[in-house]
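A structural walkthrough
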Amino acid sequence: QVQLVESGGGLVQPGGSLRLSCAASGSIRSIYAMRWYRQAPGEQRELVASINSGGTTNYAGSVKGRFTISRDNAKNTVYLQMDSLKPEDTATYYCNWIVATETRKYLEVWGQGTLVTVSS
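In short, a report on the structure. (Residues numbered from 1 in each chain as written. Predicted model: local features only at pLDDT ≥ 70, side-chain atom pairs only at ≥ 80, totals over all residues. Heavy atoms only, no water.)

1. Quick look at the pairing of strand β11 (residues 114-118)
Side chains Thr114, Val116 and Val118 of β11 all project onto a buried face; the interleaved residues Leu115 and Thr117 project onto a face where none is buried. Here three bridges tie strand β2 (residues 10-12) to β11, and the two strands are oriented parallel to one another. Across the sheet, Leu11 pairs through a bridge with Thr117, a residue of β11. Sheet topology note: the strand β9 (residues 91-100)/β11 ladder contains three bridges and is antiparallel. Of the residues in β11, the one forming a bridge with Ala91 is Val116. (Buried < 20%, exposed > 50% of the residue type's maximum accessible area, 1.4 Å probe, protein only. Helix = DSSP H or I, 4+ residues; strand = E, 2+ residues; numbered from the N terminus. Pairing = 2+ DSSP bridges.)

2. Topic: the pattern of salt bridges
Under the criterion given, the structure shown has three salt bridges. One salt bridge connects Glu46 with Arg38, and the closest N-O pair in it is separated by 2.6 Å. For Glu46, a relative accessible area of 32% gives the class partly exposed. Here Arg38 falls in the buried class, since its relative accessible area comes to 5%. Between Asp89 and Arg38 there is a salt bridge; the shortest N-O distance is 2.9 Å. You can see Asp89 sitting in the loop between β8 (77-82) and β9 and its partner Arg38 sitting in strand β4 (residues 30-39), a full 51 residues away along the chain. Look at Asp89 and you get buried, because its relative accessible area is 0%. Three or more residues are tied together by salt bridges with common partners; here these are Arg38, Glu46, Arg66 and Asp89. (Salt bridge = Lys/Arg side-chain N within 4 Å of Asp/Glu carboxyl O.)

3. A look at the nonpolar core
Ranked by internal contacts, the top residues of the largest apolar core, which has 31 residues, are Trp36, Leu80, Met82, Tyr93 and Trp97. Looking at this core, the elements with two or more residues in it are β3 (18-25), β4, β5 (46-52), β7 (67-72), β8, β9, β10 (107-110) and β11. Top contributing element to this core by residue count: β9, with five residues. (Core = buried A, V, L, I, M, F, W, Y, C linked by side-chain atoms within 4.5 Å.)

4. What to know about the state of the cysteines
Summed over the entire model, instances satisfying the criterion amount to one disulfide. Here Cys22 is linked by a disulfide to Cys95, with a sulfur-sulfur distance of 2.0 Å. Between Cys22 and Cys95 the disulfide shows an S-S torsion of about 60°. By sign, it is right-handed. You can see Cys22 sitting in strand β3 and its partner Cys95 sitting in strand β9, a full 73 residues away along the chain. For Cys22, a relative accessible area of 0% gives the class buried. Residue class for Cys95 comes out buried when judged on its relative accessible area of 0%. (Disulfide = S-S within 2.5 Å.)

As structure tokens, then:
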């Protein structure tokens, strides 16, 4: 079984920075994609950033140029560096991985979420 644990959320002032981490445990044979989603109260969950097995990254237009997704394969961890934060970035952030395990060719896994609040 694969589990994802996020960390790094918290309260930050507008213009500030935070770095989220998402670490995986369990038996993973390969990783197809790592993604960060967010969901604000009363809103639908939206894709913020993704990185695939080849290292290609994609970002939502609202965060492009401010957020950076990266990964550390040795640590089975993906990061989301968030700079120039705005109040509208306030949301619960979830990591989402698409992986292959010993018994599953395709498995989608979600983390529990970490709250980011941008406020003065």
